[in-house]
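What follows is each chain in one-letter form.
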Amino acid sequence: MFLRRVFYRWQFLAVLVLPAWLLIGASLFKSSGWAVLGSFFGGIVLGLGLLAVALLFFARTEVRLERAVSWRDVGVLTLWHALIVASGFTAGASWLPFLVVLVGLAAFWFAIWALFASARSRMQAMIVLIDETARGGAPTEPAAGEHSSPIGFEPTPDPSVIVVREKPKDT
């Protein structure tokens, strides 16, 4: 859980740090002036891509509640960020920036897929809850590995009873 929380925080820092590293790496490792200029503009595009993927990960409810990305997210981010760091060290490898862009596009589509999969599972759980409540019975217990109910929805045994929970005043 610690590593997943570190990546949760790091993905937002990486939006600034990794593009800056590309510019610094191009300057330090004897690149031409055009390569440094290309790293500057490439860093801007890379920063926007990193921000888009980070926001797509952040859009998932379970990521926000746990303040941790999933292990799949960690794997995708590790691969992409390691390639970005490696491309800062290499001045003349033309295949590495191409690989960074390719993995970045894959990370973007993976983040979209994870967001839709998360929303689909929450919607299915909500439909089951509505269906069971409409039938007049309490929802059945979920199977192993399934969520008990969508986040924020806890059914009562009697659907005609509305439970309002009050928070005590802090004195």
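Residues numbered from 1 in each chain as written. Predicted model: local features only at pLDDT ≥ 70, side-chain atom pairs only at ≥ 80, totals over all residues. Heavy atoms only, no water.

1. Re the confidence of the model for the protein
Detailed reading of the predicted coordinates is not advisable wherever pLDDT is low.
Phase 1 of the analysis: Looking at the protein, the pLDDT average stands at 83 and 82% of residues meet or exceed 70.
Phase 2 of the analysis: Per-element confidence in the protein ranges from a low mean pLDDT of 89 for helix α2 (residues 33-58) to a high of 92 for helix α4 (residues 71-89). (pLDDT = per-residue confidence, 0-100. Helix = DSSP H or I, 4+ residues; strand = E, 2+ residues; numbered from the N terminus.)

2. Points about a nonpolar patch on the surface
Phase 1 of the analysis: On the surface, Trp34, Leu37, Phe40, Phe41, Ile44 and Leu48 cluster together into a nonpolar patch covering about 690 Å² of accessible area.
Phase 2 of the analysis: Examined against the element boundaries, Trp34 turns out to sit in helix α2.
Phase 3 of the analysis: Residue class for Trp34 comes out exposed when judged on its relative accessible area of 72%. (Patch = residues over 30% accessible without salt bridge, like charges linked within 9 Å, V, L, I, M, F, W, Y side chains within 5 Å. Areas by Shrake-Rupley, 256 points an atom, 1.4 Å probe, with all protein chains shown as cover. Salt bridge = Lys/Arg side-chain N within 4 Å of Asp/Glu carboxyl O. Buried < 20%, exposed > 50% of the residue type's maximum accessible area, 1.4 Å probe, protein only.)

3. Regarding the pattern of salt bridges
Note on pairing: side chains with opposite charge can pair once their charged atoms come close.
Phase 1 of the analysis: Counted according to the given criterion, the structure contains three salt bridges.
Phase 2 of the analysis: Arg60 serves as the salt-bridge partner of Asp73, at 2.6 Å between the closest nitrogen and oxygen. In this pair, Asp73 is assigned in helix α4 and Arg60 in the loop between α2 and α3 (61-66), connecting sequence segments 13 residues apart.
Phase 3 of the analysis: One salt-bridge network, in which partners are shared between bridges, spans Arg60, Glu62 and Asp73.

4. Here we look at the packing of aromatic side chains
Here a ring pair, both rings aromatic, is described through the centre-centre distance and the interplanar angle of the planes.
Phase 1 of the analysis: Counted according to the given criterion, the structure contains eight aromatic pairs.
Phase 2 of the analysis: Seen from their ring centres, Phe12 and Phe58 are 5.9 Å apart, and the 80° between their planes marks the pair as edge-to-face. Of this pair, Phe12 sits in helix α1 (residues 2-28) while Phe58 sits in helix α2, and the two are 46 residues apart along the sequence.
Phase 3 of the analysis: Judged by relative accessible area, which is 31%, Phe12 ranks as partly exposed.
Phase 4 of the analysis: These aromatic residues form a ring-pair network of at least three members: Tyr8, Phe12 and Phe58. (Phe/Tyr/Trp six-rings, centres within 6.5 Å; stacked < 30°, edge-to-face > 60°.)

5. Things to note about the side chain of Thr61
Phase 1 of the analysis: For Thr61, the position within the fold is in helix α3.
Phase 2 of the analysis: In this structure Thr61 comes out as buried when scored by relative accessible area, which is 14%.
Phase 3 of the analysis: A polar atom in the side chain of Thr61 sits 3.4 Å from the side chain of Arg122. (Polar contact = N/O pair within 3.5 Å; in protein donor to acceptor, adjacent residues only side chain to side chain.)

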